Amino acid sequence: MYLLGIDLGSSSVKVSLVEGDTGHCVASAYQPQREMPMIAKKMGWAEQEPALWWRYVQLATREVLKLSGVNGQEVAAVGISYQMHGLVLVDKDFQVLRPSIIWCDSRAAEIGEQAFHELGEEKCLTHLLNSPGNFTASKLKWVKDNEPEIYARAYKMLLPGDYLALKLTGEPATTVSGLSEGIMWDFQEEKPADFLLEYFGIDPALIPDIVPTFGEQGKLGLQAADELGLKVGIPVAYRAGDQPNNGFSLNVLQPGEIAATAGTSGVVYGVSSKVTYDKFSRVNTFAHVNHKKNAKRLGVLLCVNGSGILNSWMYRNIGQGNLTYDQMNLMASDVPI
C-alpha cells in the first residue's frame, strides 16, 4: 500500500510517494523545474493561477509514479500540505473567478488594521487570537470592495489546499485549522467568526463545509483519477497548511514542543494548550492539526519573511561560490548567541 503526499508551495508543487506500512519515501518529484511564476500587477501584490497549481500536481504525480515504478492503482490515499493564507474564489460550477491572492500579497493590510481597531483589539485577540491583519478574510473583503462583480459571482472561498482538494474530489470543503489561518475561526465560540464576517459584510455561505484535518474528506473523482493516473474512489485523508504540517511531520504535537524550519521564510512554531495571544502581534496563533474542542492545541508561529532568499543572497554575494551552504552554517554556528 502506498500513500501520496502533495505539497503546494509558492515556488513549486512537490509530490512524494510513501510506503504506508514503513513510512519510507519511495520517490519524490517537483514541478516546475524553475520557480513557479507569480503575478505582481502592482507593488505589494502577489498572485498565482490555481490552474497552474493543478497542472504541476498532474506533472509531478505522473513523474513520481514513473520514477518509482509503482502502479497508480496501488495508491490508497492522498494528503495535502499547502501554502497558507491564500484566497481562491470559485463560482457554482467550481470555476476559478480570479487568480489566487497568495500569502505574501500585502494589499489587504490596511483593511485588516482598520477592522482590528474598529471591532476592538481585545475582541479580536480574545476571539481570533490575532489581528485580521493581511490574512484571508481581509483579502476577501478587498475583493468585495474592489471587484464587486467577481464577489457577486463567488460561490465558495477556498484556501489553496482546499482548492486542490476540490480538484481531487469535486467537493468544496475546508478545516478548522484552515479557517483559523484565514482569521475566520472564533476560538471562544468554536465556530466560524460570524462577527468578523458581519463587519466585513461577507456572506457566511461563502465558507464551505468543514471537514476534519484527519479522516476521509472526499473521494478521488473520475476525472482527477484519470489525470493523475490513480484509482477512482480513494480518499483524500488529510490537509493542513505548510507550517502546521511541518510541525506534524516533525512529531511536534503536544504542548511545549517546538519546530524550527527554514524555507522561503524562517519559522519557529510551538504548540500550546492555552487559548492565548500576543497583544503586540509579534507572533500569530492558529489551530494546530490536532486541535479539538476538548483538547486544544494551538500553533504559535513566529515567521521571519525572506530568510531563505537572504541566505541565498549571502551565498551568492559574500560566499561568491567559494563557500558551500554547509560551510556557511558551520561559520554561523561559531557566532555567540
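Residues numbered from 1 in each chain as written. Predicted model: local features only at pLDDT ≥ 70, side-chain atom pairs only at ≥ 80, totals over all residues. Heavy atoms only, no water.

(A) Molecular detail of unusual backbone geometry. The omega torsion of the bond from Gln31 to Pro32 falls at -5°, within 30 degrees of zero and hence cis. With respect to the secondary-structure elements, Pro32 resides in the loop between strand 3 (25-31) and strand 4 (47-48). Look at Phe94: it is not a glycine, yet its phi comes out positive at around 65°. Secondary-structure assignment places Phe94 in the loop between strand 6 (88-90) and strand 7 (100-101). With a phi angle near 65°, Asn251 is a residue other than glycine that sits in the positive phi range. For Asn251, the position within the fold is in the loop between helix 10 (242-249) and strand 14 (258-262). (Helix = DSSP H or I, 4+ residues; strand = E, 2+ residues; numbered from the N terminus.)

(B) Region of interest: the sheet that holds strand 17 (residues 298-304). The strand order across the open sheet formed by four strands is 14-15-17-16, and the pairing between neighbours is antiparallel. At either end of the open sheet lies a strand with only one pairing partner, and these are strand 14 and strand 16 (284-287). Ignoring which end each strand starts from, the neighbouring axes of this sheet average 25° apart. (Pairing = 2+ DSSP bridges. Axes fitted to C-alpha atoms, helices over the stretch in contact; angles between N-to-C directions.)

(C) Expanded view of the sheet that holds strand 1 (residues 2-8). Taken in spatial order, the five strands line up as 3-2-1-5-13 in an open sheet, and their pairing is mixed. Strand pairing shows two members of the sheet lacking a second neighbour, strand 3 and strand 13 (236-241), which therefore form its edges. Neighbouring strand axes in the sheet, compared pairwise and without regard to direction, differ in orientation by 15° on average. Sheet strands touched by helix 1 (residues 50-68): strand 1, strand 2 (13-19), strand 3 and strand 5 (75-82). Its angle to strand 3, the strand with the most contacts, is close to 145°. In the packing of helix 6 (residues 160-169) onto the sheet, the strands contacted are strand 1, strand 5 and strand 13, and the crossing angle to strand 5 comes to about 155°. (Contact = heavy atoms within 4.5 Å.)

(D) A look at the packing of helix 1 against helix 6. Remark: helix 1 packs on helix 6, axes separated minimally by 11 Å, with the N-to-C direction vectors making an angle of 60°. Taken together, the axes of helix 1 and helix 6 lie oblique to each other. Relative to helix 6, the crossing made by helix 1 is right-handed. From helix 1, Pro50, Ala51, Trp53, Trp54 and Val57 reach across to helix 6, where they touch Pro160, Tyr163, Leu164, Lys167 and Leu168. (Parallel < 35°, antiparallel > 145°, perpendicular 65-115°, else oblique. Left-handed = near helix turned anticlockwise from the far one by under 90°.)

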